[in-house]
Amino acid sequence: MGLSEQPRHQQGQELRPESSFSAPPGPTWAAPAPDGQAVPPVDGPRLRRLLGDPDLAWLLDRARRRLERDELLTGSVSLTAPTPAQQAAAERLLGRPPRVGGRSLSVRLDVVDALLRRSGASPGGLAPAVVALTGAVTSLAATRMREERAWRSAYGPLDDLVAAAGAPTELRSWTEQLPRSGLVRRLSGDPDTARALVADAVQALRHLPAAPPVSLPAYAARVLGSAHALDDGTPLATLVLSGVRALTGFPDGSGSRWRREAWASAGLLRDDLSSTVLTLNLRGTPALDWLADTGEPAVLTLRQLARGHHIEVAGPVYICENPAVLSAAAEEYGPFCPPLVCLQGQPSTAALTLLAGTRTEDPDPDVGFRYHGDFDWGGLRIAATLARHIAWRPWRYTAADYRRAATGLTGAELLTGAPAAAPWDPELPGALAEMGVRVEEEAVLDELLADLAPGRASR
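Residues numbered from 1 in each chain as written. Predicted model: local features only at pLDDT ≥ 70, side-chain atom pairs only at ≥ 80, totals over all residues. Heavy atoms only, no water.

Moving on, we come to the overall build of the protein. Each helix and strand in the protein was counted, giving 21 helices and 13 strands. Looking at the protein residue by residue over its 459 residues, the buried ones come to 47%. Within the protein, counting contacts between residues at least 6 apart in sequence, those at least 24 apart form 68% of the total. Summed over its atoms, the accessible surface of the protein is roughly 22,500 Å², and 52% of this surface lies on carbon and sulfur atoms. (Helix = DSSP H or I, 4+ residues; strand = E, 2+ residues; numbered from the N terminus. Buried < 20%, exposed > 50% of the residue type's maximum accessible area, 1.4 Å probe, protein only. Contact = heavy atoms within 4.5 Å. Areas by Shrake-Rupley, 256 points an atom, 1.4 Å probe, with all protein chains shown as cover.)

Mean pLDDT over the protein: 83, with 86% of residues reaching 70 or higher. Predicted confidence for residues 1-37 stays below pLDDT 50, and this span has 61 contacts to residues more than four positions away or in other chains. (pLDDT = per-residue confidence, 0-100.)

It is worth spelling out the side chain of H372 at this point. Position of H372 among the secondary structure elements: in the loop between β12 (369-371) and α18 (377-387). A polar contact is formed between the side chain of H372 and the side chain of E441, at a distance of 3.0 Å. (Polar contact = N/O pair within 3.5 Å; in protein donor to acceptor, adjacent residues only side chain to side chain.)

Scanning all chains against the criterion turns up 18 salt bridges. The partner of R404 in a salt bridge is D401, with the nearest N and O atoms 2.6 Å apart. Placement of the pair is R404 and D401 together in helix α19 (residues 399-407), with a separation of 3 residues, close to one helical turn. Residue class for R404 comes out partly exposed when judged on its relative accessible area of 41%. R438 is the salt-bridge partner of E440, the closest N and O atoms lying 3.1 Å from each other. Taking relative accessible area as the criterion, R438 reaches 19% and is therefore assigned buried. One continuous salt-bridge network, built from bridges that share partners, spans D376, E413, R438 and E440. (Salt bridge = Lys/Arg side-chain N within 4 Å of Asp/Glu carboxyl O.)

Another aspect to go through is the packing of helix α10 (residues 191-205) against helix α11 (residues 216-224). Orientation of α10 relative to α11, taken along the N-to-C sense of each, is 115 degrees, at an axis distance of 10 Å. Here α10 runs over α11; the crossing is right-handed. Only Y219, V223 and L224 of α11 make contact with α10, whose side of the interface consists of D200, Q203 and A204. (Axes fitted to C-alpha atoms, helices over the stretch in contact; angles between N-to-C directions. Left-handed = near helix turned anticlockwise from the far one by under 90°.)

Now for the side chain of D53. For D53, the position within the fold is in the loop between α1 (44-51) and α2 (57-68). A polar contact is formed between the side chain of D53 and the side chain of R92, at a distance of 2.8 Å.

Our next topic: the sheet that holds strand β7 (residues 298-301). What the 6 strands build is an open sheet, ordered β7-β6-β10-β9-β12-β13; its pairing is mixed. Pairing within the sheet leaves two strands with one partner each, and these edge strands are β7 and β13 (393-394). Of the strand pairs in this sheet, strand β6 (residues 276-280) and β7 are connected by 4 bridges, and their pairing is antiparallel. Bridge assignment links T279 to a residue of β7, and that residue is A298. (Pairing = 2+ DSSP bridges.)

This part is about the packing of aromatic side chains. Within the structure shown, the criterion is met by 8 aromatic pairs. Pairing F250 with W258 gives two aromatic rings, centres 6.2 Å apart and planes at 55 degrees, and the pair type is tilted. Looking at W258, the relative accessible area reads 17%, which means it is buried. Aromatic pair Y397 and W424: ring centres 5.5 Å apart, planes at 10 degrees, arrangement stacked. You can see Y397 sitting in the loop between β13 and α19 and its partner W424 sitting in the loop between α19 and α20 (428-435), a full 27 residues away along the chain. Looking at Y397, the relative accessible area reads 0%, which means it is buried. Pairwise contacts between aromatic rings join Y371, F375, W392, Y397, Y402 and W424 into one cluster. (Phe/Tyr/Trp six-rings, centres within 6.5 Å; stacked < 30°, edge-to-face > 60°.)

Here is the structure:
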């Protein structure tokens, strides 16, 4: 058979002893040699005549796969639905008709190994013959080990984040779970890209939270060298936002508004007007004083709050989850209602900035922030998020309050979703699980309004 008749992977190659082949990087298969002696070189022309027939390519392929998996070249290999030419090639190789059962052709590898040794075509047997005819064989197990080492190295920059002085515990936990999450692999695809991605994420996170708040593009330009480095949809933005959420405790979510608020929780502003907080009867600026005098609600933007404010209150500041409570309080009591802040769901950066800058003057230990929210798992998560940023006392928001409200409620919705903790009252989650119904703030609105009545002691 001429060279032009060989399989494509053989064409244009001179058959050389194994020791002269150029192996690809990484561990490759090497034929064993007794007493440290080199494996005898193959006889190229003879080997091609015996095993170089294109109709035996399937046999070489099966043997090569075994070498790649570090398996012995023993036992049988089979070919389903062989052609007459493939059967004839196997017969010429073995010197007898091969075993054919049903629609498959079987050849024993140890028989081929012995034949190659006896013929002198490959004194080292089948393994060096496969390498000579198909090229160096790389161990798949060794390749996987090398790739795993490369992936472990890709997370090396996280050590710098953990070692940084004053690194928050939340970020330390994030660095521990990140390699297990698979996020970096999905975002990068290969270890080299992953290492650069992780290094950039560490560079961005080590300067957070930003105080005072700063524009996200401006921050990206200053820290990462490009104003667009943290644009939505980029792998780096996804990874850094994951770290931001770990750092600030910002809850799961989706959508542009959620991303904007998540960035803002670390002091990075997509814009400073979209994040707002709803208030009633807070004072401290001419605009707030005017609205408090008329008993009308105020909507404050993060832009207004980030420029600095000084709000001092002589009594408790009540905090609710739903606008219906604040609206009803304004309608009922107007300018005589105690100061009230509405989160409108998860606390926005504007809400957290407002509450962090609000101080009470009264030394009475019962004053401060008093919080009430919906009695459901989402409400508990909102309350827990708020508690990570400011200290507050429950306002009719305990297990006893829930049981009383749920008992007298008709047509209540069933509780759904994953359970959540309630650090301010560890008995509350058990009560919710036991009774299994939601109690929204609107259902206890009369009681909440009674607490806000002018002159009534806080509860």
